[in-house]
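Commentary on secondary and tertiary structure
Each chain, written out:
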Amino acid sequence: MDRLVDVYVLYAQIHRWQSMIAICDELYDRYPELWPSLTGLDGGADLIQADIGNRRQLCDAEIVGRTADFTTIPDRIRRRWRATADDLLPGAYLRYQCAAIAAASTGPSTSADLGENSRATGP
């Protein structure tokens, strides 16, 4: 069961990174004048990328082989953000940015580590 949780967390981080980059690309295409402010906020994508690398080291080769390549953004993700209304896209980017920083700042952990930590700090 722990291995399935680890795969899920790794997959969620990959999906978060792919969506964040697709949103950033779409914002740049629609509003090139925003590029300076987007590059200032792009630290979240770097944090996610580093976290994915750390999580992949925690998982064995078999698990890593089954996860998507996070450097490629699937068309379904690009289409999703391309179809998003102009007024929703910047907010979506900021939400992904905050989630990325929060997820990466917790540090890479296996599900077993998370369980031990919650028992140690629990009631």
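Our structure is the block above this text.
Here's what I pulled together on the structure shown here. Just so it is clear, the model here is predicted, and its values are computed rather than measured. (Residues numbered from 1 in each chain as written. Predicted model: local features only at pLDDT ≥ 70, side-chain atom pairs only at ≥ 80, totals over all residues. Heavy atoms only, no water.)

Topic: the overall build of the protein
Selection criterion: Helix and strand assignments come from DSSP, with helices taken as H or I runs of at least 4 residues and strands as E runs of at least 2, each series counted from the N terminus. The buried label goes to any residue with under 20% of its type's maximum accessible area, the exposed label to any with over 50%, and the partly exposed label to all in between, with areas taken from a 1.4 Å probe on protein chains only. The contact rule is simple, with two residues in contact once any of their heavy atoms fall within 4.5 Å. Only the protein chains shown count as cover for residues, and the accessible areas themselves come from Shrake-Rupley with a 1.4 Å probe.
Across its full length, the protein carries seven helices and zero strands. Ordered by position in the sequence, the α and β elements of the protein form the string α-α-α-α-α-α-α. Residues counted as buried form 34% of the 123 residues belonging to the protein. Residue pairs at least 24 apart in sequence account for 87% of intrachain contacts in the protein once pairs closer than 6 positions are excluded. Approximately 7300 Å² of the protein is accessible, and the part contributed by carbon and sulfur atoms is 58%.

Some thoughts on the environment of Trp 81
Looking at where Trp 81 falls in the secondary structure, it is placed in helix α5 (residues 75-82). A relative accessible area of 6% means that Trp 81 is categorised as buried. Once the C-alpha coordinates of Trp 81 and Asp 25 are considered, the two residues, 56 residues apart in sequence, prove to be 9.4 Å apart. In contact with Trp 81, not counting residues within four places along its chain, are Ser 19, Ala 22, Ile 23, Glu 26, Arg 30, Leu 89, Ala 92 and Tyr 96.

Brief notes about the pattern of salt bridges
Just so we agree on the cut-off: The salt bridge definition used is simple: a Lys or Arg side-chain nitrogen within 4 Å of an Asp or Glu carboxyl oxygen.
Counted under the stated rule, the structure contains four salt bridges. Put simply, Arg 78 and Asp 25 hold a salt bridge, and the shortest N to O gap is 3.1 Å. Note that Arg 78 is positioned in helix α5 and Asp 25 in helix α1 (residues 2-30), a separation of 53 residues in sequence. By relative accessible area, Arg 78 is classed as partly exposed at 25%. A single network of salt bridges, built from pairs that share partners, joins Glu 26, Arg 30, Arg 82 and Asp 86.

Here we look at the environment of Arg 76
Mapped onto the elements of the fold, Arg 76 is located in helix α5. Ignoring any residue separated from it by four or fewer positions in sequence, one finds Arg 76 in contact with Tyr 11 and His 15.

A look at the nonpolar core
Within soluble globular proteins, side chains that are nonpolar tend to cluster in buried spots. Under the convention used in this document: Residues belong to one nonpolar core when they are buried, are Ala, Val, Leu, Ile, Met, Phe, Trp, Tyr or Cys, and are joined through side-chain atoms within 4.5 Å.
Within the largest apolar cluster, 23 residues are counted, with the highest numbers of intra-cluster contacts made by Trp 17, Met 20, Ile 23, Ile 52, Trp 81 and Tyr 93. Of all the secondary structure elements, the ones that give two or more residues to this core are α1, α3 (43-58), α5 and α6 (89-105). The leading source of residues in this core is α1, at nine residues.

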